[in-house]
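Descriptive analysis of the structure
Residue strings, one per chain:
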Amino acid sequence: MAGGYDERVPENVDHYKELKDLSTKLGLSDSVTFLRSFSDEQKVSLLHHCTCVLYTPSNEHFGIVPVEAMYMRCPVIAVNSGGPLESIADGETGFLCDPQPACFAEAMEKFVKDPGQRLGMGEAGRERVLKLFSLDAFSEQLYQYICKLTE
C-alpha cells in the first residue's frame, strides 16, 4: 500500500496507525507493505508493476494521481465524485465507484477475473491523458480561448 504521508498532518498519522492496526488484527501484517512518501523513481516502478491504482478520496479536487497512473498505462479505480469524474472514463480507463468497500472490491475483482483487461484500460488511459491533459492539449485549449477573445 503506497501513498503520500506527512507526519505533521494528524489525519495522516491517525490513518496510518489505523491501517497498520487493521492489518495486524486481520493477520495480514506479514503480507502488507506500507510505503509512505516514496520517491519519483519508486512511484514510476510501482505504477509500472501494479495491477491498478485505488484512488479513494471523496469530493477531491482534480487530483494528479489518476492522471499520473493513466499516463503510466495503469487503470484507476476511484470514487465517483470530484476530479475523477473528469479524468477517468468509467469502464474505459478504469472504474468509478460509490465510496463503499464492496464497490471497490467488485471493481478490483474484475481485474482478478480478467487480467487482460488491465492492458486495454491502461492503453486507453494513456491515450486519454495525451488527448486531454498533456502540455500539447493544454496549449491547444489555451490557443483556442485566445482566438475566441480576439474575434
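Everything here concerns the structure above.
Structural notes, computed from the coordinates. (Residues numbered from 1 in each chain as written. Predicted model: local features only at pLDDT ≥ 70, side-chain atom pairs only at ≥ 80, totals over all residues. Heavy atoms only, no water.)

Per the stated rule, a full pass over the model turns up four aromatic pairs. Between Tyr-5 and Tyr-16 the ring centres are 5.6 Å apart and the planes differ by 65°, which places this aromatic pair in the edge-to-face class. Placement of Tyr-5 in the loop between β1 (2–3) and α1 (10–25) and of Tyr-16 in helix α1 is noted, with a sequence separation of eleven residues between them. Its end group placed over the ring of Tyr-5, Arg-36 keeps NZ or CZ at 4.7 Å from the ring centre. Across from the ring centre of Tyr-16, 4.1 Å away, lies the NZ or CZ of Arg-36, which sits over that ring. (Phe/Tyr/Trp six-rings, centres within 6.5 Å; stacked < 30°, edge-to-face > 60°. Helix = DSSP H or I, 4+ residues; strand = E, 2+ residues; numbered from the N terminus. Lys NZ or Arg CZ within 6 Å of the ring centre and 35° of its normal.)

Turning our eyes to something else, we now look at the environment of Leu-35. With respect to the helices and strands, the residue Leu-35 is situated in strand β2 (residues 35–36). By relative accessible area, Leu-35 is classed as partly exposed at 31%. For Leu-35 and Ala-137, which are 102 residues apart along the polypeptide, the C-alpha to C-alpha distance reads 33 Å. Beyond its immediate sequence surroundings of up to four residues, Leu-35 is in contact with Met-1, Ala-2, Gly-3 and Leu-46. (Buried < 20%, exposed > 50% of the residue type's maximum accessible area, 1.4 Å probe, protein only. Contact = heavy atoms within 4.5 Å.)

Attention shifts here to α1. Side chains of residues three or four places apart in an α-helix project in the same direction, reflecting 3.6 residues per turn. Taking 1.5 Å per residue as the helical rise, α1 with its 16 residues ought to reach 22 Å, and the 22 Å between its terminal C-alpha atoms agrees with that figure. One or two positions beyond α1, positive phi appears at Gly-27, with a value near 70°. (Expected span 1.5 Å × (residues − 1).)

The grouping of Leu-135, Phe-138, Leu-142 and Ile-146 at the surface amounts to a nonpolar patch, some 420 Å² of accessible area in total. Along the polypeptide, Phe-138 turns up in helix α7 (residues 135–149). (Patch = residues over 30% accessible without salt bridge, like charges linked within 9 Å, V, L, I, M, F, W, Y side chains within 5 Å. Areas by Shrake-Rupley, 256 points an atom, 1.4 Å probe, with all protein chains shown as cover. Salt bridge = Lys/Arg side-chain N within 4 Å of Asp/Glu carboxyl O.)

This brings us to the nonpolar core. Grouped together as the largest cluster of nonpolar side chains are twelve residues: Leu-47, Val-53, Tyr-55, Val-67, Ala-69, Met-70, Cys-74, Val-76, Ala-78, Ile-88, Leu-96 and Val-129. Secondary-structure elements contributing two or more residues to this core are β3 (53–55), α3 (65–71) and β4 (76–79). Of the residues forming this core, the biggest block, three residues, is contributed by α3. Those residues in contact with Cys-74, other than ones at most four positions away along the chain, are Leu-47, Cys-50, Thr-51, Cys-52, Val-53, Ala-69, Arg-118 and Gly-122. In terms of nonpolar packing, the next biggest core, distinct from the first, is built from nine residues, Ile-77, Val-79, Cys-97 and Met-121 among them. (Core = buried A, V, L, I, M, F, W, Y, C linked by side-chain atoms within 4.5 Å.)

Geometric values such as these leave the question of function open.
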